[in-house]
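Residue-level listing of the chains:
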Amino acid sequence: MTNVVLPHNQEKMNRRRWHKLSCLVAASYGIWLLTGFTLPISLQETPDYSYKWSSGETRHPLEQFDFSQGNWRAVIVLSINERSDKPFGYAYGNVLCTSDVAVLNQLREVRFIAGESDVSTVTSGLYLLKDGKRMFGTGIVLEEVSEGMQSRDFGWIAPVDVGALHKVCGQFSRSWLPVVFY
């Protein structure tokens, strides 16, 4: 003998499920608002960088990107350790974003100099997405006393002009989404 669920009981069960799901979503959103912690979810691999740097070489690492073509977005995912080490003026939160072409162009114009070694403690990242597809990704350090990028492709690079990377990244806004895909 099979149990038959009456339409009225099925409707009641569906309402309970929706109520539980709504409560879960509301609680998650509330916790997110209080803590400022956005869940970053990486869905793509970072493509290899097309140019190898030599020690002491000075370049613009993003010079090959034309931010006027397509829909670009930059995402900075900060580790929990670096979130508190950021200089004053940065937006609060662990995921900072911009799709402002002027800010992206400023980022592209920052000149970097290649170091002789790698920095193994880089836990935050900078990602560029064009039309939702990841075009560039690198480790990034935005601490009060240190700034630069680290990649397996080009090693450690630091801005030629101290504070230049802070100046640009300080213009990024906090993500107001509880989850960010990059």
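Residues numbered from 1 in each chain as written. Predicted model: local features only at pLDDT ≥ 70, side-chain atom pairs only at ≥ 80, totals over all residues. Heavy atoms only, no water.

Undergrad: Quick question: what am I supposed to make of the environment of Trp72 here?
TA: Its location among the elements puts Trp72 in strand E3 (residues 72-77). Given the relative accessible area of 4%, Trp72 is considered buried. The spatial distance from the C-alpha of Trp72 to the C-alpha of Val101 is 7.7 Å, given a sequence separation of 29 residues. Every residue in contact with Trp72, bar those within four places of it in the chain, is listed here: Phe65, Asp66, Phe67, Thr98, Ser99, Leu104, Leu128, Leu129, Lys130 and Met135. A polar side-chain atom of Trp72 sits 3.2 Å from the main-chain carbonyl oxygen of Asp66. Here the side chain of Trp72 touches Gln69 through a polar contact of 2.8 Å, landing on its backbone oxygen. (Helix = DSSP H or I, 4+ residues; strand = E, 2+ residues; numbered from the N terminus. Buried < 20%, exposed > 50% of the residue type's maximum accessible area, 1.4 Å probe, protein only. Contact = heavy atoms within 4.5 Å. Polar contact = N/O pair within 3.5 Å; in protein donor to acceptor, adjacent residues only side chain to side chain.)

Undergrad: When you look at the packing of aromatic side chains in this model, what are you seeing that I'm missing?
TA: The geometry of two aromatic rings is summed up by the distance between their centres and the angle between their planes. In this structure the tally under the stated criterion is six aromatic pairs. Between Trp53 and Phe154 the ring centres are 5.8 Å apart and the planes differ by 45 degrees, which places this aromatic pair in the tilted class. Of this pair, Trp53 sits in the loop between strand E1 (39-41) and strand E2 (58-59) while Phe154 sits in the loop between strand E8 (147-151) and strand E9 (155-159), and the two are 101 residues apart along the sequence. For the pair shown, Trp53 and Phe154 are each scored as buried. The interplanar angle of 65 degrees and the centroid separation of 6.1 Å between the aromatic rings of Phe65 and Phe136 together place this pair among those described as edge-to-face. (Phe/Tyr/Trp six-rings, centres within 6.5 Å; stacked < 30°, edge-to-face > 60°.)

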